[in-house]
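# Close look at the chain arrangement
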Amino acid sequence: ESYKVMLNGPAPWGFRLQGGKDFSMPLSISRLTPGGKAAQAGVGVGDWVLYIDGESTSAMTHIEAQNRIRACGDRLCLTLSR
């Protein structure tokens, strides 16, 4: 079951990523800042990050995903799966 969230910036977005192609595991949310933007949007710890701003994360390394998120500026759109 996938869902989309739109976070209004600027950063910090209030979550920490883990995984990536270089770790041979899917990108997922490892931590949320209590009361942060991601938590308020209903993002959950352990949710998989499928797309960052419409770009599939299946082949992204951890640092590529971080850079993609940094490049978003004032709006971050994530497609996630529980």
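Anything mentioned here points back to the structure above.
Here's what I pulled together on the structure shown here.

Conventions adopted
Residues numbered from 1 in each chain as written. Predicted model: local features only at pLDDT ≥ 70, side-chain atom pairs only at ≥ 80, totals over all residues. Heavy atoms only, no water. Salt bridge = Lys/Arg side-chain N within 4 Å of Asp/Glu carboxyl O. Helix = DSSP H or I, 4+ residues; strand = E, 2+ residues; numbered from the N terminus. Buried < 20%, exposed > 50% of the residue type's maximum accessible area, 1.4 Å probe, protein only. Core = buried A, V, L, I, M, F, W, Y, C linked by side-chain atoms within 4.5 Å. Contact = heavy atoms within 4.5 Å.

### A few points about the pattern of salt bridges
As enumerated under the stated definition, the model contains 2 salt bridges in all. Among the salt bridges present, the one from Arg82 reaches Asp47, with a minimum N-O distance of 2.9 Å. Remark: Asp47 occurs in the loop between helix H1 (37–40) and strand S4 (48–52) and Arg82 occurs in the segment after strand S6 (75–81); sequence separation between them is 35 residues. For Arg82, a relative accessible area of 53% translates into the label exposed. The class for Asp47 is buried, based on a relative accessible area of 4%.

### A look at the nonpolar core
Phe15, Leu17, Val49, Ile52, Leu76, Leu78 and Leu80 are the most contacted members of the largest nonpolar core, which has 19 residues in total. Counting only elements with at least two residues in this core, the list comes to strand S1 (2–8), strand S2 (15–20), strand S3 (25–32), S4, helix H2 (62–70) and S6. Ignoring anything within four residues of it in the chain, the contact list for Leu80 reads Glu1, Ser2, Tyr3, Val5, Ile29, Val43, Asp47, Trp48, Val49 and Leu50.

### Quick word on unusual backbone geometry
Residue Pro10 is bonded to the preceding Gly9 through a cis peptide linkage, with omega at 10 degrees. In this structure, Pro10 sits in the loop between S1 and S2. The residue after Ala11, namely Pro12, is reached through a cis peptide bond having omega 10 degrees. Examined against the element boundaries, Pro12 turns out to sit in the loop between S1 and S2. At Asp53, a position not held by glycine, the phi torsion is positive, near 50 degrees. Here Asp53 shows up in the loop between S4 and strand S5 (55–56).

### Some words on the environment of Ile29
With respect to the secondary-structure elements, Ile29 resides in strand S3. Overall, Ile29 belongs to the buried group, its relative accessible area being 1%. As a C-alpha pair, Ile29 and Arg75 span 46 residues in sequence and 18 Å in three-dimensional space. Setting aside residues up to four positions removed in sequence, Ile29 forms contacts with Phe15, Arg16, Leu17, Val43, Gly44, Val45, Gly46, Asp47, Val49 and Leu80.

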